[in-house]
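Listed here are the chains, written in short residue letters.
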Amino acid sequence: MSKLVLYNTLSKKKETFNSLVPNKVSFYLCGVTVYDNCHIGHARAYIVFDTIRRHLMYLGYDVSFIQNFTDIDDKIIKRSSEKGVSWKALVKTNISSFFEDMDALNILRASVYPKATDHIREMISIIKDLMEKGIAYQAGDDVCFSVDAFEGYGKLSKKKLEDLVAGSRVEVSTEKKNPFDFVLWKPAKEGEPFWGSPWGKGRPGWHIECSAMVKKLLGHTIDIHAGGEDLVFPHHENEIAQSECHTDHPLANYWLHNGFVKIKDEKMSKSKNNFFTIKDILKDTPGVVLRYFLMKVHYRLPIHFSSDGLEESKQAVQKLAEAVKAGANVDSLKTLMPISNDIDEELGSNRISPQDRLKTKFSESPELTEFLNRFDGALNNDFNFSEAVSILFDLSRYCYKNKKGGLLLFLLSERLGLNLVELESEIIVTEELQAIIQSRNEAKQNRNFDESDRLRDVLKTTFGVEIVDQKDGGYLLKEI
RNA sequence: GGCGGCAUGGCCAAGUGGUAAGGCACGGGUUUGCAAAACCCUGAUCCCCAGUUCGACUCUGGGUGCCGCCUCCA
């Protein structure tokens, strides 16, 4: 069996994955600042890392998967005053919106969703330590981190401080020793939320929260730290600086970053105001289709968002869903436990990974085992989702030809978080609808095909329902 | 200015030092009363130039174009 290999931003190379503790993975994903609804750029990041997490679980790792909420910052304060609601209320609303979106995209719940404001004490303690070490200092009213004090500064983003200064867009602050020094603690202005600290009433800077939560929840060094590629600099760079000065240990062994969603060749972002929220898209696109669209491209490369692309994805997902039906009894699939949830609770050497279970399940069939191995190989190679998806289509061809393999197709899709059964829409058959269907059937039986075609058209145009005749004389209804 | 990524058939998109997965769309055919689905067939020599090599789309150098980070940002 091939080993898991992944691209590490830190080394800029693909590396074989080895966890710190056998069979366990500590995984920290930078989450959202909850001042607004999530957009599809967030969706991509969380889908990508959800799929990666599912693969780790599949390989048999017990994954501690942490995703934080940044629930206090300037944008939250600004937005809440604009809306005339308390910052706490704003945060609460956006967090529940976040979970709605995650559910719609079939993203598994993280092990823990820590909030920044629940870790102020831990942040203060780290800042104090950095002050005592002479790495942090008081710059006017702010407490700042001195980037010159950390030798490794720039090692993640491959930036040199000298180069940064040359083309700097950073505002020059007279108080800072170096323009790239960043704020650890800032004072609250009149009317702003605040927490007490040795440096007065205020709130933490952005970066320090992750350092504090990683240390508290996962320890000084973790296996994987992940986020969007825009977080590489300065966020992750600054996290490394703080944490490593504080603990004297590497923050994370593997750094994973996903590429952007772009619109018309531009990065989609709040500041450019060229974004779509997840809810915008979900209004007329099933979650599984959006998920497919956002993960069919290699996770480190940009994706160009377009409605054509979404339509293409819809067709593709439908094709897979049809193939599952051709190769298996769909009703039996609905009751199946997702393989990624099927983790052995027993620890120790006797544990059986989902991978081993799946292999055993299909060991009778060399052909299906081959599909499974190819699929595993694709994911083990730096999570090559595109290749994995192409194997799904190869398998769907097999399903049609052999009238089997639907179960495997379903399970492999599920490993990518694509719930194909989800597409089945429940069409409510009203009496009126039923009457037309019946008339059409009668017309058909009387070989009055002009009439039956006319009724098919009525179903289509006035009910939005496509009727598909079956070999056995029955029919299926499809929503258009 | 510094650092980095990308450039593959109409569109989207994998990939390997030995002559290019998959998806969508198009065309032809099989099947079907019709339709849908499925199945079969058809289509690219991989941005340009030079080099290394028996052989490069895949390696090296140069160029062109697009994008990202260097400010909040998934």
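Parameters and conventions
Residues numbered from 1 in each chain as written. Chains lettered and ligands numbered in written order. Predicted model: local features only at pLDDT ≥ 70, side-chain atom pairs only at ≥ 80, totals over all residues. Heavy atoms only, no water. Salt bridge = Lys/Arg side-chain N within 4 Å of Asp/Glu carboxyl O. Helix = DSSP H or I, 4+ residues; strand = E, 2+ residues; numbered from the N terminus. Buried < 20%, exposed > 50% of the residue type's maximum accessible area, 1.4 Å probe, protein only. Arc of directions from axis to C-beta. Pairing = 2+ DSSP bridges. Axes fitted to C-alpha atoms, helices over the stretch in contact; angles between N-to-C directions. Contact = heavy atoms within 4.5 Å. Core = buried A, V, L, I, M, F, W, Y, C linked by side-chain atoms within 4.5 Å. Domains from an automatic or database assignment. Parallel < 35°, antiparallel > 145°, perpendicular 65-115°, else oblique. Left-handed = near helix turned anticlockwise from the far one by under 90°. Nonpolar A, V, L, I, M, F, W, Y, C, P; charged D, E, K, R; others polar.

(A) Quick look at the pattern of salt bridges. In the structure shown here, the tally under the stated rule is 29 salt bridges. Aspartate 73 is the salt-bridge partner of lysine 75, the closest N and O atoms lying 3.0 Å from each other. Here lysine 186 ties to aspartate 74 by a salt bridge, and the two come within 3.1 Å at their closest N and O atoms. Taken together, the residues lysine 186 in strand E7 (residues 182-187) and aspartate 74 in helix H2 (residues 74-83) connect sequence positions 112 residues apart. By relative accessible area, which is 41% here, aspartate 74 ends up partly exposed. Linked by salt bridges that have partners in common, Asp36, Lys78, Arg79, Glu82 and Lys270 make up one network.

(B) Layout of H2. Listed in full, the buried residues belonging to H2 are Ile76, Ile77 and Ser80. One face of H2 carries all of its buried residues, which in axial projection span an arc of 100°. Along H2, exposed side chains directed more than 90 degrees from the buried face belong to Lys78 and Glu82. Following H2 by one or two positions, glycine 84 adopts a phi angle in the positive range, close to 70°.

(C) Highlighting the pairing of strand E14 (residues 465-469). Relative to strand E15 (residues 475-479), E14 runs antiparallel, the two sharing 5 bridges. Counterpart to valine 465 in the pairing with E15 is glutamate 479.

(D) The arrangement of the sheet that holds strand E4 (residues 62-67) in detail. The strand order E4-E3-E9-E10 describes an open sheet built from 4 strands, whose pairing is parallel. The open sheet has two edge strands with one neighbour each: E4 and strand E10 (252-258). Averaged over all neighbouring strand pairs, the angle between strand axes comes to 20°, with direction disregarded. With 6 bridges joining them, strand E3 (residues 24-29) and E4 adopt parallel strand pairing. By the bridge assignment for E4, valine 25 is matched with valine 63. Lying on the sheet, helix H1 (residues 40-58) is in contact with E3, E4, strand E9 (222-228) and E10; it crosses E10 at an angle near 135°.

(E) A look at the nonpolar core. Ranked by size, the top nonpolar core spans 138 residues in total, and within it Phe27, Leu56, Phe145, Leu256 and Leu416 carry the most contacts. In terms of residue count, the dominant contributor to this core is H1 (11 residues). Two domains share this core, each providing at least three of its residues, namely domain 1 (5-267) and domain 2 (306-423). Excluding its chain neighbours within four sequence positions, the residues that come into contact with leucine 256 are Leu6, Tyr7, Thr9, Phe49, Ile52, Ile224, His225, Ala226, Gly227, Tyr299 and Phe383.

(F) Inspection of the packing of helix H10 (residues 307-327) against helix H14 (residues 385-402) at higher detail. For the pair H10 and H14, interaxial distance at closest approach is 8 Å and the crossing angle is 40°. Judged by the angle between their axes, H10 and H14 are oblique. When you trace H10 past H14, the crossing you get is left-handed. Here Ala316, Lys319, Leu320, Glu322, Ala323, Ala326 and Gly327 of H10 lie close against H14, whose contacting residues are Leu392, Phe393, Ser396, Cys399 and Tyr400. Considering only residue class, the contact of H10 with H14 consists of 8 nonpolar, 2 polar and 2 charged.

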